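Next come the chains, spelled out residue by residue.
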Amino acid sequence: MDDQKQYAKLFNDIDSQALISLGIILASVILLTVVSQRVLNGLANRLHGQVRFRIFALVPLTRLVILIVALAIAVPIMIEPSLRNMVTLLGAIGLAIGFALKDYVSSLIAGMVAAVELPYRPGDWVDIEGTYGEVKHVGMRTVEIQTPDDDLVAVPHLKLWDTAIYNANNGETSLQCVASFYLHPEHEAQWVRKALRDVALTSAYLKFDQPIIVVAEEKPWGTHYRIRAYPVDPRQQFLFITDLTVRGKQVLSRAGIKPALLPPDVALEAPDVAGGRRGLRD
Amino acid sequence: MPQRSIKAASPPWEIVALEKFSTPQNTQASQWRRSWRAAATSLVGKRAAEQQAKDEDELRLLPEVKLAHLVPPIDWSSAAALLSQTLFQHKLDNEPVVFFITPPHGGHAPIVSHWAEQQGINEIAPPTYQELTGGSLEWVERCVPLKRWAVPALERHLLRHSYGLQGVRALLERAFSGRLGQGVIGCDSWTYAYLQHVVGVEGAPVFTLQALGGEQLAHYFADIANNGKDDICVYSTRTGNPVLGHSEEDNTAHKASAHKELQRLAAHCRGHMGIAWHYWRARLRGAAAAKGDDASQDTSQELWLVDALADAELSADTGDVAMLVLHTLLLHGGLEDQVLGDVLPFSHHEALNARLALARQGILARKEDGRWQVAPLSYASVRQLLETRNYLVDPL
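Residues numbered from 1 in each chain as written. Chains lettered and ligands numbered in written order. Predicted model: local features only at pLDDT ≥ 70, side-chain atom pairs only at ≥ 80, totals over all residues. Heavy atoms only, no water.

(A) A look at the overall build of chain B. Broken down by element type, chain B carries 17 helices and 13 strands. Residues classed as buried in chain B amount to 54% of the 396 residues present. Sequence-distant contacts, at least 24 apart, represent 80% of the contacts inside chain B between residues at least 6 apart. (Helix = DSSP H or I, 4+ residues; strand = E, 2+ residues; numbered from the N terminus. Buried < 20%, exposed > 50% of the residue type's maximum accessible area, 1.4 Å probe, protein only. Contact = heavy atoms within 4.5 Å.)

Right, dumping it as C-alpha cells:
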C-alpha cells in the first residue's frame, strides 16, 4: 500500500490542463521540427559552396535544441523533478532500454552525438561500411545516404560507435577525385605525366585552389597513372572523373600510347572492401 | 561624328601595378545589396522590390543620334599614351614581357593596339582555330625575334582544350627568356588568372587600369556629353536626386549627393570604366514627350538614369551547365558557338542550347567579331555568382 502511494507520488496529477499542455508541447515540437527542417533544407538547397554546408549542419542541431527545450518543459509537468523521483524514473527507463530498446535508443543517442560532433552532415559524401553517397538527411535514428545509383540508404547512427566513417569532403567544398589510366609499360613516362596534368588543367570542372597530382606506379603488367584533382562542386565528381577519363584516353591514344592488357592468368587487384567510394575514386 | 580632343573627353585613367589595384568604396556593400535584391525580387516580385522616386514607364528611350552625342565611345588612345608613360616611368623598356590586363569590356586590346601603333611596333598575330586544337606550334615558330613586339589580346592565343595550351606555353617561354625581344602583352583578366595556374606568369610585371570612383565617373560623363559644351542634367529615378547637374547648382551638398549615386554605380561595376560606360549608355532616358511631339526633334536636356542595378541579374539557382558556359566564355574573352562546343564537356547541341537561353535572358551579348561574351550589364552578377560557387575568378 505504501509502495503504491510512493509510485503515485512520482507522477504529478495528470489533469486535463496538464494533458492540454503536453499536447501543445508535442504539437509545437512537431511543427517547429518540420518547419525548421523544411526552411533550412530549402534554403541550403538553393545555395552553393561553403554556406550550403553551414546551413545543412544546422538542421540536426536545430532539431536537437527543440527536443531538449521541449523535454525541459514537459518533464516537470509529468513528474515532480526531485532527485529521488529522477533516480527512480531514470532507473526504470534504463531497465526498459537495457532489455528491449537497446539498439533503438543507442541510435537516438548516437544521433545526438552526431548532431554535435558532426562526423557527417547533409551535403557530405560519406562511406559507411561500403555504402558511398551524399548525405541527404540526418534524422533522429538514421542518416539517409543517396548513392550514385540513386538508392536511398538509411544507416542507423549507432554505426558511429564502432565503424569507420569516411567523409570525403567533411563539410567543405573540396572533394578529391581520382581518374586512373592503365598503360602499356613501353612509353615516355615524363610526357604522359605532363599530358595528364594538362588534361586536368583543361577540365571545365577543375577547382583551381587545390593541387593537381599525377601519380605513377609501376605494376607487373604496366604502369598505373592516377590524376588526383578536385572538382568545383562535390556533386560534379562523377562528371569530373568521366571528363578526365574520356579526354585522357583521347590524348594518350592520339600519341600512340597503348593501354595495358592483362594476361588472362593475372589477377586484378583485390576489390576494395569499402566498395563504392574507393572503387570509384581509386 | 567629330573626333573629340583627348583633353575634353579623356577618362581620368591611372595605370597601376596589379597589386595596387583596389575596388571602389562600397563594392562589398554593393554585392550584399545585389544578393538582397535578388532575394527580395524572388519573394515579392520585381516591381514591389524596387522603390522608385520616378515611374520609369513615364520615360522614353533616347534616339540613337542623341545617345551618340551624349555617350560617345570611349577613346582608348589616351590610355595607350598613359601606358607608354608608365612603361617609361617604371623603367620597363628592357623587361622581356610586360602584361597589361583589364576585365571584359575593359579595353586592353584596343589600348595595346593603340600603343603598338603609336610606337610603330609589330603585333604578333593569333593562331588559327585549327592550329590551336591541333596542338600545332608552327604559329610560334613564325614569331621571328623582333626588337619590340605586342600582343593585344593574349586570350586569342589559347584554348582550354587538351591541345590548346602548348602554343601559349611555347610563346610565353620564348618571350620570358627574351628570345623574342621586348614585348607588351594585353590580356583579359580572366585569361590571366587562368594562365597563372596553367603556365605560371607571375614573373612578369603586370599593370592595369585603376578602378574609378563616383566622382571620377561624374566628371567623365559630364565631359563626354557633347564635348562638355551642353549643360545636361541627369536625375536618378531611384531617388529623384540629380546625378549630373547644372553648373550653377554646383554647391558642395549637391555634388556629394550626385557623386554618391554614381559611387553606387562605380561600386556595382567594380570601378571598371568599360562596364560603367555601358550602364550609363543603356540606362539614360528622356522625359516623356508631350502628345504630338517628335521624339527625334527633342531638345530637352533633362535626362533620367533608370535604376542602374535593376536588370540582367542571374538568379541564385542558375544551373551548372549555364555556369560552365559563362565561366568558359569569360576565361576565353568570348567564343564563337563552334569553339564553345569544343571546350565544354558536353555536346555541341547542349552547349548551343545553354548559350541560346543565356542570350535570350540578356546575360550574353554578341561582340562585333561574332564571339559571344557575358554582356556588360550582367558582368557584375555573373562574376559574383561564379565567385560564390568557387569558380576561378579574375583578380580585378
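(B) Just the overall build of chain A, in detail. Broken down by element type, chain A carries 9 helices and 8 strands. By element, 62% of the accessible surface of chain A is carried by carbon and sulfur atoms, the whole surface being about 15700 Å². (Areas by Shrake-Rupley, 256 points an atom, 1.4 Å probe, with all protein chains shown as cover.)

(C) Representation of the sheet that holds strand β7 (residues 213-219) of chain A in the model. Residues and elements named next belong to chain A. In space, the 3 strands of this open sheet follow the order β6-β8-β7, with antiparallel pairing throughout. Each having just a single partner strand, β6 (177-183) and β7 make up the two edges of the open sheet. On average, each strand axis in the sheet is inclined to that of its neighbour by 20°, with strand direction left out of account. As defined by bridge partners, β6 adjoins strand β8 (residues 222-229) across 7 bridges and the pair is classed as antiparallel. Bridge pairing in β8 links Ala179 to Ile227. Sitting on the sheet, helix α7 (residues 189-201) touches β6, β7 and β8, and the angle it makes with β8 is about 30°. Strand contacts of helix α8 (residues 237-254): β6 and β8, with the helix running at about 25° to β6, the strand carrying the most contacts. (Pairing = 2+ DSSP bridges. Axes fitted to C-alpha atoms, helices over the stretch in contact; angles between N-to-C directions.)

(D) Representation of the packing of aromatic side chains. What the rule picks out here adds up to 10 aromatic pairs over all chains. Ring pairing ties together the aromatic residues Trp125, Tyr132 and Phe238 of chain A, which thus form one cluster. Looking at Arg254 of chain A, its charged tip hangs above the ring of Tyr163 of chain B, at a distance of 3.9 Å from the centre. Over the ring of Trp372 of chain B we find Arg355 of chain B; its NZ or CZ atom is 3.9 Å from the centre of that ring. (Phe/Tyr/Trp six-rings, centres within 6.5 Å; stacked < 30°, edge-to-face > 60°. Lys NZ or Arg CZ within 6 Å of the ring centre and 35° of its normal.)

(E) A look at the pattern of salt bridges. Residue and element names in this part refer to chain A. Scanning the model with the defined rule gives 17 salt bridges over all chains in all. Of the charged contacts, one joins Asp124 and Arg121 as a salt bridge, the two residues approaching to 3.0 Å between their closest N and O atoms. A relative accessible area of 9% places Arg121 in the buried class. Put simply, Lys159 and Glu129 hold a salt bridge, and the shortest N to O gap is 3.0 Å. Note that Lys159 is positioned in helix α6 (residues 159-162) and Glu129 in the loop between β1 (125-128) and β2 (131-138), a separation of 30 residues in sequence. The class of Lys159 is partly exposed, set by a relative accessible area of 23%. Overlapping salt bridges bring together Glu217, Lys219 and Arg226 as one network. (Salt bridge = Lys/Arg side-chain N within 4 Å of Asp/Glu carboxyl O.)

(F) Expanded view of the pairing of strand β10 (residues 284-287) of chain B. Residues and elements named next belong to chain B. Strand direction decides the pairing type here: strand β2 (residues 59-61) and β10, joined by 3 bridges, are antiparallel. For Leu61, the partnering residue across the bridge sits in β10 and is Arg285. Bridge count for β10 against strand β11 (residues 302-305) is 3 bridges, and the pairing is antiparallel. In the strand pairing of β11, Leu284 is matched with Leu305.

(G) Representation of the pairing of β8 of chain A within the structure. Extensive coverage of β8 of chain A is indicated by the burial of 7 of its 8 residues. The antiparallel hairpin formed by β7 of chain A and β8 of chain A contains 2 residues in its connecting segment.

(H) Expanded view of the sheet that holds β10 of chain B. Residue and element names in this part refer to chain B. If you trace the 5 strands from one edge of the open sheet to the other, you get β2-β10-β11-β8-β9, paired in mixed fashion. One side of each edge strand has no neighbouring strand; the edge strands of this open sheet are β2 and β9 (242-244). Neighbour-to-neighbour, the strand axes of the sheet open up by a mean angle of 45°, direction not taken into account. On the sheet, helix α13 (residues 273-283) packs against β8 (233-236), β9, β10 and β11 and is oriented at approximately 25° with respect to β10.

(I) Inspection of the UniProt feature "transmembrane region" (unreviewed entry) in chain A at higher detail. Per the UniProt record, the feature "transmembrane region" (unreviewed entry) sits at residues 18-35 and 55-79 of chain A. Helix makes up 96% of residues 55-79 of chain A and strand 0%, with an end-to-end C-alpha separation of 37 Å. (UniProt positions renumbered as here; feature names shortened; annotations may be inferred.)

(J) Quick look at the nonpolar core. Of all hydrophobic cores here, the largest spans 145 residues; its most connected members are Phe99, Leu154, Phe221 and Trp280 of chain B. Broken down by element, this core gets its largest block of residues, 8 residues, from helix α14 (residues 320-331) of chain B. Once you skip the residues sitting within four places of it in the chain, Phe221 of chain B turns out to touch Leu244, Leu262, Leu265, Ala276, Trp277 and Trp280 of chain B. With 11 residues, the next largest nonpolar core counts Ala114, Tyr120, Val135 and Val143 of chain A among its residues. (Core = buried A, V, L, I, M, F, W, Y, C linked by side-chain atoms within 4.5 Å.)

(K) Examining helix α5 (residues 77-89) of chain B more closely. Residue and element names in this part refer to chain B. For α5, spanning 13 residues, the distance from its first C-alpha to its last is 18 Å, which sits close to the expected 18 Å at 1.5 Å a residue. Within the sequence span of α5, burial applies to Ser77, Ser78, Ala79, Ala80, Leu83, Thr86 and Leu87. Phi for Lys91, located one or two positions after α5, is positive at around 55°. (Expected span 1.5 Å × (residues − 1).)

(L) Fine view of the packing of α7 of chain A against α8 of chain A. All names here are of chain A. In contact at an axis separation of 9 Å, α7 and α8 are set at 140° when each is read in the N-to-C sense. As judged from the angle between their axes, α7 and α8 are oblique. α7 and α8 meet at a crossing whose hand is right-handed. Residues Trp191, Val192, Ala195, Leu196, Val199 and Ala200 of α7 form the contact with α8, whose own contacting residues are Leu244, Arg247, Gly248, Val251 and Leu252. Each residue belonging to the contact of α7 with α8 can be placed in one class, and the counts come to 9 nonpolar, 1 polar and 1 charged. (Parallel < 35°, antiparallel > 145°, perpendicular 65-115°, else oblique. Left-handed = near helix turned anticlockwise from the far one by under 90°. Nonpolar A, V, L, I, M, F, W, Y, C, P; charged D, E, K, R; others polar.)

(M) Just the interface of chain A and chain B, in detail. Contacts between the two partners involve 19 residues from chain A, matched on the other side by 22 residues from chain B. Surface buried jointly by chain A and chain B totals about 2000 Å² across both partners, of which 54% is contributed by carbon and sulfur atoms. Taken together, chain A and chain B are joined by 1 salt bridge. When the shortest N-O distance is used, the salt bridge between Asp198 of chain A and Arg169 of chain B registers 2.6 Å. Counting every contact that joins chain A to chain B gives 6 residue pairs in polar contact (both at pLDDT 80 or more). (Buried area = accessible area lost by both parts, 1.4 Å probe. Polar contact = N/O pair within 3.5 Å; in protein donor to acceptor, adjacent residues only side chain to side chain.)

(N) Quick peek at the confidence of the model for chain A. Scored by pLDDT, chain A comes out at a mean of 83, with 88% of its residues at no less than 70. Contacts from residues 270-282 of chain A, a stretch scored under 50 in pLDDT, to residues over four places away or in other chains number 24 contacts. (pLDDT = per-residue confidence, 0-100.)

(O) Molecular detail of a nonpolar patch on the surface. On the surface, a cluster of nonpolar side chains totalling about 350 Å² of accessible area is made up of Phe11, Ile14, Leu19 and Met78 of chain A. Its location among the elements puts Phe11 of chain A in the loop between α1 (2-10) and α2 (16-46). (Patch = residues over 30% accessible without salt bridge, like charges linked within 9 Å, V, L, I, M, F, W, Y side chains within 5 Å.)

(P) Region of interest: the confidence of the model for chain B. Averaged over all residues, the pLDDT of chain B is 82; the fraction at 70 or higher stands at 80%. For chain B, per-element mean pLDDT is lowest for helix α1 (residues 6-9) of chain B, which scores 46, and highest for helix α10 (residues 189-198) of chain B, which scores 95.

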